[in-house]
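What the coordinates show
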Amino acid sequence: MFDEQDCKSMNKNLKNALITVALLTALGGGLFYSTLDRKQETASRTAIADETRRAAQMVELSGLIAVDVEPFFKDERVVKLLYENNFRANVIRIGSREMAGRVAKDTAPDFFMPSGVVAGNQISEAAKKAGYTTATYSPYFTPLVIASWVPIAKILAANKIAAPVGEGGSKDNIYDVDLVGLTNLMLSKKRWRDLAQSQAYEVSRSVLVSTTDVRKSNSAAMYLALTSYAINGSEVISNMESARKIALQVADLYKRQGYQESYVNGNFDDYVGIGIGKTPLAFIYENQLVGYAIGRKAVDKEMVLMYPKPTIFNKVIVVTMREKAKPFAELLSSNPQLQAIATEYGFRTSIAAALPEAANKVGLVIKPRIVDVIDPPSYEIMAEMIDVIAKEMKN
Amino acid sequence: MAALKTRAGCSLRLLSIPLDPPLPKGEKLIDADFMPVEFDENHFKHIQIFLDQFFPSRFNSQGHLMRNTLFRLHSIIASILLAAAMAGCGKSTPPAPVAPAKSAVPVVESSLSILATTDLRDIEMIIPKIREATGVEVSFKFGGTFESTEAVLNGKAGTDAAWFANAKYLLSDANGLSKVKLQEKIMLSPLVIGVSESSARQLKWDGAEKVTWADVMKAAKTGKLRYAMSNPASSNQGFMALMGVAAAAAGKSEALTAADINRDAVRDFLTGYKLVGDNSTYLSQKFKERQGEDINAFINYESWLLSMNAKGDLREKLTLVYPHEGVATADYPLMLLNDQKREAYQKVVAYLKSEPAQLWLAEKTLRRPINPDVAKKVAHLFPKDRLLVELTFSTDRAVADSLIEAYLNEYRTPIASTFVLDVSGSMKKEGRLGQLTKSIQYLAGADNSITGRFSRLNSRERIWLMPFSSDVGIASAFVIPNAKDSSAKEAVFAEIRDVAGKLRAEGGTALYDAIYEAVRNMGEEQAKSNAKAKAFAYSVVVFTDGERTEGMNLSTFMQRYEGMDASAKKIPVFLILFAEGEARALNEIAKATGGKVFDARKQPLASVFKEIRAYQ
């Protein structure tokens, strides 16, 4: 937005400075400048030999990965560690739900790294049909949490829906949230201003957890697994009939949100970028908030981590499509250095204490152990429920 | 090749510089004949700043210097510039050795073309910064929100990426989402109401009191709030404001359905809609002219209103009002369309989300950073900590369609306009008459695209088609019947299409006679209808393909125009510049009548007609 006047005055100011340079124009043609002394690199013979040997052993792998692990694979230390173990992974980020569609005969990548077992199962099924022999690994995992804010946590606590974890919970901003209580509150279409002691957030919006679009994103499917469990009398749904019935109820919890992001980073961006006015409660992966805090080495004092009780784990899955990708998947699961880096991105690994320690270093307290965890319903039931909701959302 | 020593210890070498398009043989850009005495790092820095400021896109994708960059300047400056541009150019010619100095510019490795909504024009200045940080040469193409959404949906964007203030409709559509390979939000700006300070005081909207959408509707209905806003049928700001009113009036706390829309509330709100237009630059100009007279508010993005306040050329500053039940925030997603450009896209996104870029965006464009750490650093730029509750955005197409259709056909002040159509002999050339016929027929229902539907003639609208050549023809008058009677409406559309289809090109160009006659006609109609207390939005649309050859000349026209009734002189004349049309004369008329000139020389005539609809 600059206007002509700015342009003119700028013109004048610079004119003098520029006149000096005009002298150069006589040279015609063009010019550039460069350093006179460019350093020449000379490699020693041993280094060359090393490289040659490595190049001969190097295993090149192509992979399609989910957005959650993209920063991990972009990390130079990861690239280096893989290289030292003779792997070079060329990865492209796509949506976890799109991956099963990329399992064409002969043209599939060497491995997939989707977010969640649901997508992992989809890929394995499709791969079997296309004649591949697959193996599945799960090197890292993260629980689903609700990211929230201090005033919201206090209102929910006052309404007996949430409670600080342990004695330090209210100070450390970690809460347990009663999944059944919260689900019922949402289904009853309560507004924030209708709740007891809601002065700090006296708005007419309905109490709803912000999720992504269940037709497109894994985290929203995890939300479906949790809320359907709550509606089903705290039991994992195991028959189709109740699955369809309950899916209709859950559909409302998505529809009433209006526009939903199609990927989980969009939801998290709204939480950190726009804040409490848009996302009082955001359904995200724990690793997003923890990775964010570790990355910036600080914690926002207004942010609260809520653990649904029960919650669900999301596993980062590696599906290998060819033999040569197997040692790579094993390396991701077992190499302590790679695991330590994954921790920095907020993932939990087989070393239970690693993440709470890393989080503590930047002043973030997380639940050291999460014991109240459910499994998602079977693949068929999940697929059916998502279908029912997708139809509802078109109406 | 000669080399020159510089103070900084760099050498200057000569090479031949590629120009785009190349110079004709034997032609030289510079004939100055002097030698450099001294040359140091600072010179380069000055030049770099100058060029980045005014010629951010001076290189094409191959790193060739764009020739028009040079020709746009006076000759002396041009010669200075060449040295400078070449300096930049040399540095960006791969694989140029990079100087050790601070002003080093990296190699331009790749390019990324972006289709952006027009409200992002102020972003263009960041192009050099992106290039410097990432080596990616970004170029922009601008369009209206609905027009651009349609282009992406149809796969006709023709760019590597798209960047909209709000892409929720695009992204909630399965087809739209399939076109978007990656997306990332870059910055934020809520849609708010800027009210002249004195009016805000009178309305008691200047203090800590909460202002609700109901207050806004009431003020609009009672004439206390008279606002400028971009057209809800073509742009995001107007549309989102309408959604806000509808959502608040429905008293619903969640996504709306078409049945929830409270029509009375929407109508009340639109009573205060006094200044219509399509882009914010035009609206700002008009707003400055009319602020404190018949207009006292401007509905737009916070960033735009804060920028207007900062410029200091308003008659009165604006108080920003954030309606309590909710605002709609633009989140500016940058979306990758061309998967081949993934790498360049990711580099650009990483840069735009980095602290330096986020700071720049906040400070220069007054949009809120998406990065919360940067947001804290620039918090002083934005009104103090208010809880901005976000409105729930309904993705139900029926809600959007019914709101826009209702706005056009029921709630808005109906349009009454005379279309002055040049059918002189020159219209036989190059299928010009065919284009004109098609453009008119599109307005009468022959275009079923989204933008076509929202720009066609609406219920209650009155239109006169007035062809002219050597003489001014007799105007055919039409009244579009009520929305509910679709067959009657279609019958009138058919008549209009028929009249347009029968236009024949012959004779001279009595341009000013025709314009005068049209303004006079509209003035008379206005006087008649005012007597009956029926409000219409009057305007004249002029289409011509060349200079006047017959009838009165421009100065006679201006004299006679001056003598017209004051009320007739308030009728804006929108003029289309086409083929050999005379830009200077048309601009003069636009200026005198408070209208605007639309250039149809570089885009299809039919889209220009659509665009004009948003100003009527």
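Bear in mind that the values here come from a model prediction, so they are computed numbers and not experimental data.

Rules and cut-offs
Residues numbered from 1 in each chain as written. Chains lettered and ligands numbered in written order. Predicted model: local features only at pLDDT ≥ 70, side-chain atom pairs only at ≥ 80, totals over all residues. Helix = DSSP H or I, 4+ residues; strand = E, 2+ residues; numbered from the N terminus. Buried ≥ 20, exposed ≤ 12 C-beta atoms within 10 Å, placed from the backbone. Contact = placed C-beta atoms within 7 Å. Axes fitted to C-alpha atoms, helices over the stretch in contact; angles between N-to-C directions. Parallel < 35°, antiparallel > 145°, perpendicular 65-115°, else oblique. Left-handed = near helix turned anticlockwise from the far one by under 90°. Nonpolar A, V, L, I, M, F, W, Y, C, P; charged D, E, K, R; others polar. Pairing = 2+ DSSP bridges. Core = buried A, V, L, I, M, F, W, Y, C linked by C-beta atoms within 7 Å. pLDDT = per-residue confidence, 0-100. Domains from an automatic or database assignment. Arc of directions from axis to C-beta. Right-handed = clockwise from strand over helix to strand, strands pointing away. Expected span 1.5 Å × (residues − 1).

The subject of this paragraph is the overall build of chain B. Summing up its helical and strand segments, chain B has 24 helices and 22 strands in all. Put simply, chain B has 616 residues, and 50% of those count as buried.

Scanning chain A from N- to C-terminus turns up 16 helices and 11 strands. Counting all 395 residues of chain A, 48% fall into the buried class. For chain A, contacts bridging at least 24 residues in sequence account for 74% of all contacts bridging at least 6.

On to the packing of helix H10 (residues 236-250) of chain B against helix H11 (residues 263-271) of chain B, then. All names here are of chain B. Where H10 contacts H11, the two axes come as close as 9 Å, and the packing angle between them is 135°. Between H10 and H11, the angle is such that the two are oblique. Along this stretch, H10 crosses H11, giving a crossing that reads as right-handed. Contact residues: Leu-242, Val-245, Ala-246 and Ala-249 in H10; Ala-265, Val-266 and Phe-269 in H11. Its residues assigned to classes, the contact of H10 with H11 comprises seven nonpolar, no polar and no charged.

All names here are of chain B. Counting buried positions along strand S12 (residues 297-301) gives five out of five residues, so the element sits mostly inside the fold. Two elements, strand S10 (residues 227-230) and S12, share two bridges in a ladder whose sense is parallel. By the bridge assignment, Ala-228 is partnered in S12 with Phe-298.

Turning our eyes to something else, we now look at the sheet that holds strand S5 (residues 110-117) of chain B. Residues and elements named next belong to chain B. The five strands lie next to each other as S6-S5-S7-S15-S8, forming an open sheet whose pairing is mixed. Edge positions in the sheet fall to strand S6 (136-143) and strand S8 (182-185), since each of these pairs with one other strand and no more. Ignoring strand direction, the axes of neighbouring strands in this sheet form an average angle of 20°. With four bridges connecting them, S8 and strand S15 (residues 333-336) associate as antiparallel partners. Bridge assignment links Leu-182 to a residue of S15, and that residue is Leu-336.

Moving on, we get to the nonpolar core. Nonpolar side chains in soluble globular proteins generally cluster together in the buried interior. One finds Val-420 and Ile-515 of chain B to be the most contacted residues of the largest nonpolar core, which totals 164 residues. Counting 113 residues, the second-largest nonpolar core is a separate cluster that includes Ile-155, Val-299, Tyr-307 and Phe-328 of chain A.

Our focus in this paragraph is unusual backbone geometry. Backbone torsion omega between Lys-309 of chain A and Pro-310 of chain A reads 0°, so that peptide bond is classified as cis. Here Pro-310 of chain A is to be found in the loop between strand S9 (303-309) and strand S10 (311-320). The phi dihedral of Tyr-332 of chain B is positive, around 45°, even though this residue is not glycine. By the element assignment, Tyr-332 of chain B lies in the loop between strand S14 (329-330) and S15.

Residues and elements named next belong to chain B. Considering every residue of chain B, the mean pLDDT works out to 82; 81% of them sit at 70 or more. Looking at the elements of chain B, mean pLDDT is at its lowest for strand S2 (residues 11-15), recorded as 30, and at its highest for strand S7 (residues 161-163), recorded as 97. For the stretch residues 1-19, pLDDT sits under 50, and the model shows 54 contacts to residues farther than four places along the chain or on other chains. Interface predicted TM-score (ipTM) for the complex: 0.77; the corresponding pTM is 0.74.

Let us look at the sheet that holds strand S20 (residues 537-544) of chain B. Two modes of strand pairing occur in sheets, parallel and antiparallel, and in both the strands are linked by backbone hydrogen bonds. Residue and element names in this part refer to chain B. Taken together, the six strands give an open sheet; going across it, the order is S19-S18-S17-S20-S21-S22, and neighbouring strands pair in mixed fashion. Two strands in the sheet have a free side with no partner beyond their single neighbour: strand S19 (476-479) and strand S22 (596-599). Strand-to-strand twist across the sheet, computed as the mean angle between neighbouring axes with direction ignored, equals 20°. Where strand S17 (residues 415-422) meets S20, seven bridges bridge the pair, whose relative direction is parallel. Looking across to S20, one finds that Ala-416 is bridged to Tyr-538.

Residue and element names in this part refer to chain B. Two elements in contact, helix H9 (residues 213-221) and H10, have axes separated by 9 Å at closest approach and are oriented at 115°. As judged from the angle between their axes, H9 and H10 are roughly perpendicular. Classified by chirality, the crossing of H10 by H9 is left-handed. Listed contacts from H10 to Trp-213, Ala-214 and Met-217 of H9 are Gly-244, Val-245, Ala-248 and Ala-249.

Turning next to the domain arrangement of chain A. All names here are of chain A. Annotation of chain A at the domain level lists domain 1 (57-141 + 316-344) and domain 2 (142-314 + 367-394). For domain 1 versus domain 2, the separation of C-alpha centres amounts to 28 Å. The partner domain 2 presents 15 residues to the 12 residues of domain 1 that form the contact. When residues in the side of domain 1 that touches domain 2 are grouped by element, the largest group, three residues, is from helix H5 (residues 117-129). The class makeup of the residues in the side of domain 1 that touches domain 2 is four nonpolar, five polar and three charged.

Residues and elements named next belong to chain A. Put simply, chain A has an average pLDDT of 87, and 88% of its residues get 70 or more. Scored below 50 in pLDDT, residues 1-10 makes five contacts in the model with residues more than four places away or belonging to other chains. Counting interchain partners and residues more than four positions distant, the pLDDT-below-50 stretch residues 16-42 has 76 contacts.

Residues and elements named next belong to chain A. Along helix H14 (residues 336-344), the positions that sit buried rather than exposed are Leu-338, Ala-342 and Thr-343. Across the axial projection of H14, the buried residues extend over an arc of 150°, all falling on one side. Those residues of H14 that are exposed and angled more than 90 degrees off the buried face are Pro-336 and Gln-337. Structurally, H14 contributes buried residues whose contacts are with helix H3 (70-74), helix H4 (76-84), strand S5 (135-149), helix H13 (326-334) and helix H15 (354-361). Positive backbone phi, approximately 90°, marks Gly-346, located one or two places after H14.

What follows deals with the pairing of strand S21 (residues 573-577) of chain B. Residues and elements named next belong to chain B. For S21, the tally of buried residues reaches five of five residues, placing the bulk of the element in the interior. Burial of the side chains of S21 extends over both faces: Val-573, Leu-575 and Leu-577 are buried on one face and Phe-574 and Ile-576 on the other. Crossover handedness for the path S20 to helix H22 (residues 554-562) to S21: right-handed. The pairing of S21 with S22 spans four bridges and is classified as parallel. Residue pairing for S22: Leu-577 is matched across the bridge by Asp-599. Handedness of the crossover is the feature at issue here: the chain leaves S21, passes through helix H23 (residues 583-593), returns alongside S22, and the resulting connection is right-handed.

Bringing the environment of Ala-230 of chain A into the picture now. Residues and elements named next belong to chain A. You can see Ala-230 is positioned in helix H9 (residues 218-231). When the C-alpha atoms of Ala-230 and Lys-309 are compared, they prove to be 10.0 Å apart, with 79 residues separating the residues in sequence. Setting aside its immediate chain neighbours within four residues, Ala-230 contacts Leu-179, Val-180 and Thr-183.

A word on the environment of Asp-422 of chain B. With respect to the secondary-structure elements, Asp-422 of chain B resides in strand S17. C-alpha of Asp-422 of chain B to C-alpha of Val-472 of chain B: the two residues are 50 residues apart in sequence and 9.5 Å apart in space.

So, about helix H18 (residues 432-446) of chain B. Relative to the 21 Å expected for 15 residues at 1.5 Å per residue, H18 of chain B spans just 18 Å between its end C-alpha atoms, considerably shorter than the ideal helical length. Among all positions of H18 of chain B, only Arg-432, Gln-435, Leu-436, Ser-439, Ile-440, Tyr-442, Leu-443 and Ala-444 of chain B are buried.

Our next topic: the environment of Lys-326 of chain A. Residue and element names in this part refer to chain A. If you trace the backbone, Lys-326 turns up in helix H13. According to the C-beta neighbour criterion, Lys-326 is partly exposed, with 15 such atoms within 10 Å. Sequence separation between Lys-326 and Thr-134 is 192 residues; the distance between their C-alpha atoms is 9.3 Å.

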